[in-house]
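Observations on chain architecture
Chain by chain, the residues:
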Amino acid sequence: MSQVEENTSLNFIEQIVEEDLANGKNDGVVYTRFPPEPNGFLHLGHAKSICLNFGLAQKYGGKTNLRFDDTNPVTEDTSYVDAIKEDVRWLGFEWEGETRYASDYFDKLYSLAVELIKRGKAFVDDTPVDEIRRMRGIPTQAGEESAFRDRSVEENLQLFEQMKAGDFSEGSRVLRAKIDMASPNMHLRDPIMYRILHRSHHRTGDAWHIYPTYDWAHGQSDAIENITHSICTLEFEVHRPLYDWFVEQIGEFDQEMVNPQPRQIEFARLNVNYTVMSKRKLLELVNEDYVNGWDDPRMPTIQGLRRRGYTPASLRNFAERVGVAKRDNVIDLSLLEFCIREDLNKTAPRVMGVLNPVKLVITNYPERQTEDLTIENNPEDAEGGTRTVPFSRELYIERDDFMEDPPKKFFRLGPGREVRLKGAYIIQCESFEKDTRGEITTIYATYDPATKSGEDTSGKKVKGTIHWVSVPHAVKAEVRLYNRLFSDPTPTDHTDENGEPIDYKKFINDKSLVVLDKVFVEPSMRKVSAFDRFQFMRKGYFCVDPDSSEENLVFNQTVTLRDSWAKAKKNN
RNA sequence: UGUCCGGUGGUGUAAUGGUAACACAGAGGUUUUUGGUGCCUUUAUUCAGGGUUCGAGUCCUUGCCGGACAACCA
């Protein structure tokens, strides 16, 4: 371990934590939580939150809970619970103790609500939904108080118990906190604590007919779990006064419960260009078949990224690099790509795969001869070892690596030109054949036996080295190339001439998936497992898709290599 | 016309009253049996006005711009 220089710059949350530590707050304990609702799959935005919460606790010797915020039985399901747990673990984090659920606290929450009623801080409201909404007013104008606001404690208690027992129909009554209908903060205008829902919950079954709302459940769950720093995204900023109000009310009769006192801290959610990052929109893409499921490699979901070939380390690194602040941000997709290239460059074995093959015949190489060449697996990894790659008279090379009439700066094959075949010999192009459509069918070349890789005595120098696969040894594979899901950097940010928002789906990139079904890879690839990652030399990083089998290999392109030649061509 | 939160290169993030820095992206070079990697160089920044101060990206103030808030969602 090298003594890396101390990183003294802290993000604003770390500053808060260090300040708390310096002041001896919470007895020096840092306790965070990651609180997803089990109603969908985790995405890159959640990854940032996970890294933030777990990372903060790790840094300051604290703990992190995984808590499912399962207060709405209508949308939630256990299948999501399992997927989320798997994703968190895959990212490399282990939570403290058992998995927690807001539903674990339904009894406690209920008795706390009863206490609030007794103290005149909550009341049962019979006002219909629409009416409640209307009476809440608008941000610039105070609301009106409910006609049921001053019910007696006894009546409230009785009604609330009946709500719990399932005596009333859905929507007929709610429990509301009694705060201030004139508050400029809408969330303080007698917010709803419980609603009636005759729905089966994925964990509590039919035990409950009332379910707590987010505002009532979240802060209390934090308090129950002794969370010290409750980190969430910016849209909850306006909820904080309510969060604090509930904690304060409970402190009136249960000091123990709100000690340590949880503190909500908000940060700006992650946005990445050329994609969307909301559960609702991602769900739409899945349901309307724009992609093939939640784990489609084009999706910014953890499962999609994983199937695409992203590593946990690359995602953690990405989360680190995007930083944490309170201002709206749109991260360049190129940063994500940088993070995965950085990781895979060090770790992914190199292999040769020809994506768009054309046949090359070495005319002076003996007809039935085969040579086993030894090629290093990874020049970036001294421990990477070597492998054997068979060489023969007929090879596949990349169609792009030959030009009939190449410009001077083209360092590959063309009539009379020389290149090195990676790990093998230097060849010179003699001739080529075309079919009636003008497509090149075969390239003929001669090799120089004195130029064998590692024992070259020729003194020859060439500008280019190209990859290849021996025709008789080639293994056929399918390769799926992916491009950005949207052709526009901010698909959700557009409006038409009338100022109406334009559907983000209008910007879907119809070339986001290109399937290559005639790819040839070297024979060492015959035995691979799902999610194995490789660098196809000069072509990019690839990951074995779970669809892959021994008979039908399938690779997903994670990301291309940086390609300064492609760039130079484009700029011409 | 309300309340709250923001505004630093193309994109992010730092600088905590004292030299505006780091990363990505871009440009150029170098090394290279991957046009990859590595290494070197380079372009480019404090929303605007006023104030406080020896000194302001930072504090105060006004304005402008952006975002959040009006589910019995989270």
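So, how was this worked out
- Residues numbered from 1 in each chain as written.
- Chains lettered and ligands numbered in written order.
- Predicted model: local features only at pLDDT ≥ 70, side-chain atom pairs only at ≥ 80, totals over all residues.
- Heavy atoms only, no water.
- Domains from an automatic or database assignment.
- Contact = heavy atoms within 4.5 Å.
- Buried area = accessible area lost by both parts, 1.4 Å probe.
- Salt bridge = Lys/Arg side-chain N within 4 Å of Asp/Glu carboxyl O.
- Polar contact = N/O pair within 3.5 Å; in protein donor to acceptor, adjacent residues only side chain to side chain.
- Nonpolar A, V, L, I, M, F, W, Y, C, P; charged D, E, K, R; others polar.
- 1 Å grid on protein atoms, 1.4 Å probe; cavity = no way out; pocket = protein on both sides within 12 Å on 5 of 7 lines; lining within 4 Å.
- Points joined across faces, edges and corners; volume = space filled by probe spheres on them.
- Helix = DSSP H or I, 4+ residues; strand = E, 2+ residues; numbered from the N terminus.
- Buried < 20%, exposed > 50% of the residue type's maximum accessible area, 1.4 Å probe, protein only.
- Near = heavy atom within 4 Å.
- Pairing = 2+ DSSP bridges.

Next up on the list: the domain arrangement of chain A. Each domain of chain A was delimited in the assignment, giving domain 1 (12-267), domain 2 (326-349 + 477-571) and domain 3 (353-467). Domain 1 and domain 2 are separated by 39 Å when their C-alpha centres are compared. With 7 residues of domain 1 in contact, the opposing surface of domain 2 contributes 5 residues. Where domain 1 abuts domain 2, roughly 390 Å² becomes buried across the two surfaces, and 60% of that area is made up of carbon and sulfur atoms. Where domain 1 packs against domain 2, one counts 2 salt bridges. Here E266 and K326 are joined by a salt bridge, their closest N and O atoms 3.9 Å apart. The tally of links from domain 1 across to domain 2 stands at 1 residue pair in polar contact (both at pLDDT 80 or more). Of the residues that constitute the side of domain 1 that touches domain 2, the class distribution is 4 nonpolar, no polar and 3 charged.

As enumerated under the stated definition, the model contains 1 cavity of 30 Å³ or more in all. Approximately 40 Å³ is the volume found for the largest cavity. As for the largest cavity, its lining consists of Y214, D215, H218, G219, H239, L242, Y243, F246 and Q264. Taken together, the elements giving at least two residues each to the lining of the largest cavity come down to helix 7 (214-224) and helix 8 (240-251). Here the element with the most residues in the lining of the largest cavity is helix 7; it accounts for 4 residues.

Mapping D448 onto the fold places it in the loop between strand 18 (440-447) and strand 19 (465-466). A relative accessible area of 19% places D448 in the buried class. Within polar-contact distance, the side chain of D448 engages the side chain of K460 at 2.9 Å. Setting aside residues no more than four positions away along its own chain, D448 makes contact with Y425, I426, S458 and K460.

A separate point is the protein's contact with RNA strand B. Q15, R327, R350, S453 and Q535 are the nearest of the 71 residues found near RNA strand B. A distance of 2.6 Å is found between a phosphate oxygen of RNA strand B and a side-chain nitrogen or oxygen belonging to T71. Side-chain polar atom of S453 to a base oxygen of RNA strand B: 2.5 Å apart, as the coordinates give it. Contributions of two or more residues to the surface near RNA strand B are made by helix 5 (129-135), strand 6 (192-196), helix 11 (312-322), helix 12 (333-347) and helix 13 (564-570).

We now examine helix 9 (residues 279-287). Residues spaced three or four apart along an α-helix face the same direction, because each turn holds 3.6 residues. Those residues of helix 9 that sit buried are K281, L282, E284, L285 and V286. Within two residues after helix 9, D289 carries a phi angle of roughly 60°, on the positive side.

Moving on: the sheet that holds strand 16 (residues 418-421). Taking strand neighbours across the sheet as the criterion, the 7 strands line up as 19-16-17-18-12-15-20 in an open arrangement whose pairing is mixed. A strand with exactly one partner marks an edge of an open sheet, and here the two such strands are strand 19 and strand 20 (468-470). Judged from the 7 bridges that link them, strand 17 (residues 426-434) and strand 18 form a sheet pairing that is antiparallel. The partner of K434 across the bridge, within strand 18, is I440.

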